[in-house]
Every structure is written in C-alpha cells, then in structure tokens.
Amino acid sequence: MQQLGMRTVRGKRWRLRIDDFPEPYRTLYKILEKQGYIIIGRHSAYKKCHWTHAAIVEERFCYKCKFYGIASHQCIQMTPAALWCWNACLHCWRLRPTDTLNFDETKIPWVDDPDLIVEGSIEAHREAVMGYLGHPRLDERMKKRIEEAMNPKHAAISLTGEPTLYPRLGELIQEYHRRGITTFLVTRGVRPDVLANLDEEPTQLYISIEAWDKDSYNKFNRPLVPRAWELTLKTLELLPSFSSPTVIRFTLVRGFNIHEQALRSWAKMIETSQPTYIELKSYMYVGASRQRLRRDDMLKHMEVLSIAKRFAEMTGYKIVSQQIESRVVLLSRLDKPIRVGEGCPEGWAREKERLELMLEEAKKYDELEGLEYKMVEENKI
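Residues numbered from 1 in each chain as written. Predicted model: local features only at pLDDT ≥ 70, side-chain atom pairs only at ≥ 80, totals over all residues. Heavy atoms only, no water.

Participant: Looking at this model, I keep getting lost on unusual backbone geometry. Mind explaining?
Facilitator: Residues apart from glycine generally show negative phi values, whereas peptide bonds are mostly found in trans. Of note, the bond from Glu23 into Pro24 is cis; its omega dihedral lies within 30 degrees of zero at 5 degrees. Here Pro24 lies in the loop between β2 (12-16) and α1 (25-34). Even without being glycine, Gln274 reaches a positive phi, approximately 50 degrees. With respect to the helices and strands, the residue Gln274 is situated in the loop between α11 (260-273) and β10 (277-282). With relative accessibility at 38%, the residue Gln274 sits in the partly exposed group. (Helix = DSSP H or I, 4+ residues; strand = E, 2+ residues; numbered from the N terminus. Buried < 20%, exposed > 50% of the residue type's maximum accessible area, 1.4 Å probe, protein only.)

Participant: Help me understand the state of the cysteines in this model?
Facilitator: Under the counting rule described, the total for this entry stands at one disulfide. With its sulfur 2.0 Å from that of its partner, Cys65 forms a disulfide with Cys344. Across the S-S bond linking Cys65 and Cys344, the dihedral sits near 110 degrees, which makes this disulfide right-handed. Of the two residues, Cys65 is situated in helix α3 (residues 63-68) and Cys344 in the loop between β12 (328-332) and α13 (347-362); the sequence distance between them amounts to 279 residues. Its relative accessible area of 22% is what places Cys344 among the partly exposed residues. Free of any disulfide, Cys62 has its nearest cysteine sulfur in Cys49, 6.1 Å distant. With relative accessibility at 11%, the residue Cys62 sits in the buried group. Here Cys92 is not disulfide-linked; the sulfur of Cys89 is the nearest cysteine sulfur, at 6.5 Å. Looking at Cys92, the relative accessible area reads 18%, which means it is buried. (Disulfide = S-S within 2.5 Å.)

Participant: Just checking my understanding: could you explain helix α6 (residues 140-149) for this structure?
Facilitator: Each full turn of the α-helix corresponds to 3.6 residues, which orients residues three or four apart in the same direction. Restricting attention to buried positions, one finds in α6 the residues Met142, Arg145, Ile146 and Ala149. Down the axis of α6, the sector holding all buried residues measures 100 degrees, keeping them to one side. Turned more than 90 degrees off the buried face of α6, the exposed positions are Glu140 and Glu147. Those residues of α6 that are buried lie in contact with α2 (50-58) and α5 (114-130). (Arc of directions from axis to C-beta. Contact = heavy atoms within 4.5 Å.)

Participant: In this structure, what is going on with helix α12 (residues 301-315)? I would like to understand it.
Facilitator: Its 15 residues give α12 an end-to-end C-alpha distance of 21 Å, which sits within 8% of 21 Å, the value for a rise of 1.5 Å per residue. At the exit of α12 stands Gly316, carrying a positive phi of roughly 85 degrees. (Expected span 1.5 Å × (residues − 1).)

Participant: What exactly am I supposed to notice about the layout of surface pockets here?
Facilitator: Over the atoms rolls a probe the size of a water molecule, and in doing so it shows where empty space is left. By volume, the largest pocket is sized at about 1,500 Å³. Lining the largest pocket are 49 residues, with Gln77, Trp93, Leu159, Arg249 and Lys281 sitting closest to its centre. Among the elements of the structure, α2, α3, β5 (75-79), β7 (182-187), β8 (204-209), β9 (246-252) and β10 are those that each provide at least two residues to the lining of the largest pocket. Sorting elements by how many residues they give to the lining of the largest pocket places β7 first, with three residues. Class assignment for the residues of the lining of the largest pocket results in 23 nonpolar, 15 polar and eleven charged. (1 Å grid on protein atoms, 1.4 Å probe; cavity = no way out; pocket = protein on both sides within 12 Å on 5 of 7 lines; lining within 4 Å. Points joined across faces, edges and corners; volume = space filled by probe spheres on them. Nonpolar A, V, L, I, M, F, W, Y, C, P; charged D, E, K, R; others polar.)

Participant: What is the right way to read the sheet that holds β5 from this model?
Facilitator: Strand pairs in the sheet, formed through backbone hydrogen bonds, run parallel or antiparallel to each other. The mixed open sheet is built from ten strands, whose spatial order is β3-β4-β5-β6-β7-β8-β9-β10-β12-β11. Every other strand in the sheet has two partners, leaving β3 (37-40) and β11 (318-323) as the edge strands with one partner each. If you compare each strand with its neighbour and ignore which way they point, the axes differ by 25 degrees on average. For β5 and strand β6 (residues 154-157), the ladder comprises four bridges, and the chain directions are parallel. Residue pairing in the sheet places Met78 in a bridge with Ile157 of β6. (Pairing = 2+ DSSP bridges. Axes fitted to C-alpha atoms, helices over the stretch in contact; angles between N-to-C directions.)

Participant: Looking at this structure, how should I read the environment of Val329?
Facilitator: Residue placement: Val329 occurs in strand β12. Owing to a relative accessible area of 0%, Val329 belongs among the buried residues under this scheme. Placed 138 residues apart in sequence, Val329 and Arg191 show a C-alpha to C-alpha distance of 27 Å. Setting aside chain neighbours within four positions, we find Val329 in contact with Ile278, Glu279, Leu280, His301, Val304, Leu305, Ala308, Ile319, Ser321 and Gln322.

Participant: Where do I start with the packing of aromatic side chains in this structure?
Facilitator: The geometry of two aromatic rings is summed up by the distance between their centres and the angle between their planes. In the structure shown here, the tally under the stated rule is 15 aromatic pairs. Consider the rings of Tyr68 and Phe184, whose centres lie 5.7 Å apart with planes at 80 degrees: the pair is edge-to-face. A residue pair is termed long-range when its members are at least 10 positions apart, and Tyr68 in helix α3 and Phe184 in strand β7 qualify at 116 residues. Here Tyr68 and Phe184 have matching classes, each one buried. Linked through ring pairs, Tyr63, Phe67, Tyr68, Phe184, Tyr206, Tyr277 and Trp348 together constitute an aromatic cluster. (Phe/Tyr/Trp six-rings, centres within 6.5 Å; stacked < 30°, edge-to-face > 60°.)

Participant: Just checking my understanding: could you explain the side chain of Lys281 for this structure?
Facilitator: Looking at where Lys281 falls in the secondary structure, it is placed in strand β10. No salt bridge is formed by the buried Lys281; its nearest oppositely charged neighbour, Glu279, is found at 7.6 Å. Within the local environment of Lys281, its side chain forms a polar contact with the backbone oxygen of Ser326, the two atoms lying 3.3 Å apart. Not counting residues up to four positions away in its chain, the partners in contact with Lys281 are Tyr63, Arg249, Phe250, Thr251, Leu252, Ser326, Arg327 and Val328. (Lys, Arg positive; Asp, Glu negative; His and termini not counted. Salt bridge = Lys/Arg side-chain N within 4 Å of Asp/Glu carboxyl O. Polar contact = N/O pair within 3.5 Å; in protein donor to acceptor, adjacent residues only side chain to side chain.)

Participant: In this structure, what is going on with empty space enclosed by the protein? I would like to understand it.
Facilitator: What the rule picks out here adds up to two cavities of 30 Å³ or more. There is about 40 Å³ of room inside the second largest cavity. At the level of elements, β8 and α10 (228-238) are the ones that each hand at least two residues to the lining of the second largest cavity. Across the lining of the second largest cavity, the residue classes tally to four nonpolar, three polar and two charged.

Below you can see the structure in the form of structure tokens.
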C-alpha cells in the first residue's frame, strides 16, 4: 500500500493521506470527504447512511429492513469504485467526476486487496457510529443500538460508482461472507462478464434500471462506453442462472419513464430475467441530481403504488410490501420474503393491512393527490 510515497493516517493501513494522491484524485477525494465520505485505500469509500442515523436516534428503519430483514444500523454502505462508472446518469445523486474535471472514469487505476477494503469499511462504520455515544438524547435504547451497530452484519456494495469495475469483486464478496457479513450487490448491469464469473455470489443481487430502450438509455443514463445498453440486456438474460435472490429496481422519474411504453418494455425484461423481487421506487430529488432534474420529477407514494398495481397486472407479480417514506413498492411471486437478516421481524406482515387498505381506497378515487391527503389526515399513512 505504501506506493507513490503515500502515508497512512493514524497508522491505519486502509486510510491514506488525501494530500499524497496525485491529481485529479486529490481534488475529487477532498470533495467526497466534505460530503461525508471516508476514503478506503486508493479507490474505495464508505459513507454513513441516513437510515443508520434514523435507526440509532429515532428507531426508524430503511425499507430493506422491512423487505429483507437488513437492520439499518448494522449495514455498511460502501463502494469499491468510488469515482469510476460506465454511466453518467441524470438522476445520480453524486457529483460525478465528469461534472467537474476532464476525467476518465471507466477504469480503476489501482487494485487494493479485498481484505484491506473490508477491514477499512468495517472500521469506518464503527468510527461513524461511535460518535453517537455523545448524542444529547443518549439513553439505554440508543446505547443498545450503538452496541449492535459496532458489530455490522451486512454490506451494501453500492453507494456510488459501478462496483463491477473492481477486478476482485468476487473475492471482496467472499471476504465479507467469511466474516459473517451478508452482501447486497447493486449494479447497473453493464458487466455481465464479471457477474457470470464471480468467485462467490452476493447474498442478493440488484440490477438498477430507468430506461426502456437504447434511445432512452443513451438520453438518461449517458453511457461512457459503447454497447452499454446491450450489455445490460445480456445481464438480464443472465439473472435466472443466479442461485441467490435477484432484484430489479425500476427508478420512476416523472416526465421520463412513467408511461405505457416503458412499462410494457419493462414487463418484457421481467419475462426474460425472472427476478425474485421487483422494486418500483420514485427518483429522489437529492444531492447533485438537483442540478440536472426537477423536484417535480419525484413521484408521490400513491402514484408509485398506482404504477405498481398496473405493473403487477402486466407481469403476474403481486404487490407484497411498501415503504411510504422511501416511496417504494415491492412486488414478488413469493408469499413470504427470503429473510437475509433479523431486522424488522414483522416484515411484510406489518405493512399488509395498510397496503390492502390503500389499494382498496385507490379504487374509489380518480385523483391520487386527494386520496393521499385524505389518508394522511386520517392518520392511515
């Protein structure tokens, strides 16, 4: 690791001095640090998730807790490719390197060892949650959550960048699993060659999609390499070969993809890929995406639910859960979830009654906004 005369911080082998990086990495990493990222080694990063804070302080949990059992405060949000991606998507909430500098972000110039990255991400997560011991509202419940958070159980390999660009991804997954930590791998699906040859599958595989054909992909996902759309379709063909659960997450953006043409194309993708789950989620107006999209491009939750109902009819999948705060609806052919962790033990069951009520109420209203207001007023959502 002591290459290019790079020094460590506080003797931690995974934490290098940012000033020792050559340009443009020095400038870009300083930007990320100001945004709350902790740089791990030469190309990886960790950032404390909003839901880690919510779980510790407010006892509120991410939709992945309700859907799959992931305890938010025990989840490491990390990436092995902090600056590198094959797309410059319009809805990406990060400040993309292509936004600031003339920078080739298609290939990672270094390859750190998986054990260093895993060690660094665990320690970075512990550093982030340790600070809550000084929280003004600290009580016994919070102390218990902090103690649990110090022993992370899950790693979300996503955060930013394209993780499949890290050449030792399978070994990284293997190293997390060796330490008793489950993994969700989130990818745009542009590297089917990598996914087909992983040393070990992730606990769950996510493919993230917004476009419905090549033209819409080029317009919205802004590929930096040729044939990225074709590679994505190849990944979808590969999905049925995975033994781990698979998810396709469709991000809904008003004015772009909430129309019949997109839904019909997506339904064909589902027929090809046969995922375990489908997530329909609204775009969120956060981060650097605010420079490219509008606040109105976010959907209200009732709109997401209405689209999910239509998509369920088209695909034969059932609406099985939702999280209103995150504006996301889950579809599956399963009657019970494949629980990955022990968080939110009531899971789908807790949401079932409210979900059925909302779907029933939706039949009576032409105006979704009016229904949403009525249900909020009656404390039903």
